[in-house]
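What follows is the residue order along each chain.
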Amino acid sequence: GAVVSQHPSRVICKSGTSVKIECRSLDFQATTMFWYRQFPKQSLMLMATSNEGSKATYEQGVEKDKFLINHASLTLSTLTVTSAHPEDSSFYICSAGGTSGIQETQYFGPGTRLLVL
Amino acid sequence: QKEVEQNSGPLSVPEGAIASLNCTYSDRGSQSFFWYRQYSGKSPELIMFIYSNGDKEDGRFTAQLNKASQYVSLLIRDSQPSDSATYLCAVSSNQGGKLIFGQGTELSVKP
């Protein structure tokens, strides 16, 4: 159980285009999903917390107009990188909040590697 | 002071040895603690969580929690080369399921 998928796994795009990344919880409902970014050799950086049916909460320094998050259902959240630039190239990972026994935890998707040319 | 601190490593141990990974946290009110493993180029995967003081064992892994000392550790017995990865310590916050991650410890198990 607790499987989270992401699509696409890898995307290459031209500078100025927008890219949408989907995150799905496959076998459980996730009220909350989280979006992270990770640059090479660095730790995870939380970008935003996405709650089903409400606006996402962005971390300090993350542009909400550039990284659009939509959590339309209990199993799907999307991140759209608008007008992508080379500095947005990174590994984007989502996680979904789930329960293991009585413990709430986060289960990660496999990640999406974005390369902006 | 960072909220969750780990030695970045790399920590190198020989195959078959015990690897000991340590983590300290600053928020005394933290309730739940997690260890994730991240292979190079992959996303993190949950190894185990702990929320009571003491030890919790799962196969070759043992998590240890000492809330008085604000310290959590992960022991890996009979380390294998396939255990070579970055291990992330995470602590729950009081903000809707949000986790606070350490910077990770890189473990290298030498055959």
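The preceding data block contains the structure.
Predicted model only: the values in this text are computed from it and were never measured.

A.B. asks: How should the overall build of chain B be read in this particular structure?
C.D. replies: Looking only at helices and strands, one finds zero helices and eleven strands in chain B. Taken from N to C terminus, the helices and strands of chain B fall in the order β-β-β-β-β-β-β-β-β-β-β. What you see for chain B is a C-alpha radius of gyration of 13 Å, in line with the 13 Å of a compact globule of 111 residues. In chain B, which comprises 111 residues, the proportion classed as buried is 45%. Counting contacts in chain B only where the partners sit at least 6 residues apart, residues at least 24 apart contribute 53% of the total. When the accessible surface of chain B is summed, it comes to about 5,300 Å², and 45% of that surface belongs to carbon and sulfur atoms. Averaging the positions of the 10 positive and the 11 negative side-chain charges in chain B gives two centres separated by 4 Å.

A.B. asks: Would you mind going over the sheet that holds strand β7 (residues 61-66) of chain B with me for this structure?
C.D. replies: Hydrogen bonds along the backbone pair up the strands of a sheet, which may run parallel or antiparallel. Residue and element names in this part refer to chain B. One open sheet accounts for five strands, arranged β1-β3-β8-β7-β6; its pairing is antiparallel. What marks the edges here is a single partner per strand, and that holds for β1 (4-5) and β6 (54-58). As defined by bridge partners, β7 adjoins strand β8 (residues 71-76) across six bridges and the pair is classed as antiparallel. Across the sheet, residue A63 finds its bridge partner in β8, namely L74.

A.B. asks: Looking at this structure, I do not really get the state of the cysteines. What am I missing?
C.D. replies: Two cysteines whose sulfur atoms are joined by a covalent bond form what is called a disulfide. Tallied over the entire structure, the rule returns two disulfides over all chains. A disulfide bridge connects B:C23 with B:C89, and the sulfur atoms are separated by 2.0 Å. On the sign convention where negative is left-handed, the bridge of B:C23 and B:C89, at about -70° about the S-S bond, is left-handed. Of the two residues, B:C23 sits in strand β3 (residues 19-25) while B:C89 sits in strand β9 (residues 85-92), which places them 66 residues apart along the sequence. Its relative accessible area of 1% is what places B:C23 among the buried residues. Free cysteine A:C13: the closest other cysteine sulfur is in A:C94, separated by 18 Å.

A.B. asks: Would you take a moment to explain a nonpolar patch on the surface for this structure?
C.D. replies: Judged by side-chain polarity, A:I12, A:L115 and A:L117 come together as a nonpolar surface patch covering roughly 310 Å² of accessible area. Of note, A:I12 is situated in strand β2 (residues 10-13).

Cut-off values and rules
Residues numbered from 1 in each chain as written. Chains lettered and ligands numbered in written order. Predicted model: local features only at pLDDT ≥ 70, side-chain atom pairs only at ≥ 80, totals over all residues. Heavy atoms only, no water. Helix = DSSP H or I, 4+ residues; strand = E, 2+ residues; numbered from the N terminus. Rg over C-alpha atoms; globule rule 2.2 N^0.38 Å. Buried < 20%, exposed > 50% of the residue type's maximum accessible area, 1.4 Å probe, protein only. Contact = heavy atoms within 4.5 Å. Areas by Shrake-Rupley, 256 points an atom, 1.4 Å probe, with all protein chains shown as cover. Lys, Arg positive; Asp, Glu negative; His and termini not counted. Charge placed at Lys NZ, Arg CZ, Asp CG, Glu CD. Pairing = 2+ DSSP bridges. Disulfide = S-S within 2.5 Å. Patch = residues over 30% accessible without salt bridge, like charges linked within 9 Å, V, L, I, M, F, W, Y side chains within 5 Å. Salt bridge = Lys/Arg side-chain N within 4 Å of Asp/Glu carboxyl O.

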